[in-house]
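Chain and residue survey
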Amino acid sequence: MRALTDDRVDAGASSSLRAIAAAAARVHAWAAGNEARRRTAHALRDVARTGWDVDHDVRLPGGQRIDHLVAGPSGLFLLASRAWQGVVTVDHKGATITPVHDPAAAWTARGAHRSLPATASTVVRALSTTTGGHLPPPRPVVVVWAVFPEQVTVCAGVSYVAGEHLVDWLVAQPSAHRARDE
């Protein structure tokens, strides 16, 4: 009978440890996301000073939120900020994050490929309703705060831009008026 009780205690302790580890992982992910949004907001201050419109933590109809919405001479951009631990590469599946000290633990973040284009459509519907006119959809961008050797790449209609290059990249985009005329 004692062995059975010990097994239950061990199972209960193991279950509690898993719950604590899962909660710690959620807190860490929240903190990393908050830091990514803060760093992007800080970088965007430079373009805001030059006349770009920059909004942070934008709530869309239906309660969905986006990290940043940026409008300037090159158009409208929907930015999702990400701070990942490891080396980031992007391919048709999404962004793959490979931990430096544990390459076997690589994982793929597929969310931006799936969610950002749909969110861009939601933004354009909301803005068109508000302004009464037709607007081109915002360009979906993932701002990567991690080791990102590619620095800039586009996949599945989503641009991935290293955070430290974001402002230069935004400013270098062709004028929205010129792009429509060509």
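Residues numbered from 1 in each chain as written. Predicted model: local features only at pLDDT ≥ 70, side-chain atom pairs only at ≥ 80, totals over all residues. Heavy atoms only, no water.

**Notes on the overall build of the chain**
Scanning the chain from N- to C-terminus turns up 4 helices and 8 strands. The order of α-helices and β-strands along the chain, N terminus first, is α-β-β-β-β-β-α-β-β-β-α-α. Sorting the 182 residues of the chain into buried and exposed places 37% on the buried side. Excluding contacts between residues fewer than 6 apart, the proportion of contacts in the chain whose partners are at least 24 apart in sequence is 49%. Accessible surface, the chain as shown: approximately 10,800 Å² in total, 57% of it carbon and sulfur. (Helix = DSSP H or I, 4+ residues; strand = E, 2+ residues; numbered from the N terminus. Buried < 20%, exposed > 50% of the residue type's maximum accessible area, 1.4 Å probe, protein only. Contact = heavy atoms within 4.5 Å. Areas by Shrake-Rupley, 256 points an atom, 1.4 Å probe, with all protein chains shown as cover.)

**Structural notes on the environment of A120**
Within the element layout of this structure, A120 appears in helix α2 (residues 111–131). Along the primary structure A120 and P137 are separated by 17 residues, whereas in three dimensions their C-alpha atoms are 5.9 Å apart. Those residues in contact with A120 that lie beyond four places of it in its chain are L78 and P138.

**Overview of the pairing of strand β2 (residues 65–72)**
Bridge analysis of strand β1 (residues 53–59) against β2 gives 6 bridges, and the strand direction is antiparallel. Paired with H56 across the strands is H68, a residue of β2. A loop of 5 residues connects β1 with β2, the two strands running antiparallel in sequence, and G62 in this loop sits at a positive phi of about 95 degrees. With antiparallel pairing between neighbouring strands as the criterion, β2 and strand β3 (residues 75–91) make up a hairpin whose turn holds 2 residues. (Pairing = 2+ DSSP bridges.)

**Structural notes on the side chain of T153**
Secondary-structure assignment places T153 in strand β7 (residues 152–155). Here T153 is in contact with V90, F148, V158, S159 and Y160, once residues within four sequence places are set aside.

**Thoughts on the pattern of salt bridges**
Here the structure, examined in full by the defined rule, presents 4 salt bridges. Linking E35 and R38 is a salt bridge whose minimum nitrogen-to-oxygen distance equals 2.7 Å. Of the two residues, E35 and R38 both sit in helix α1 (residues 2–48), 3 residues apart, roughly one turn of that helix. With its nearest N and O atoms 3.0 Å apart, the salt bridge here joins R49 to D46. Given a relative accessible area of 62%, R49 falls into the exposed group. Overall, the relative accessible area of 42% leaves D46 in the partly exposed class. (Salt bridge = Lys/Arg side-chain N within 4 Å of Asp/Glu carboxyl O.)

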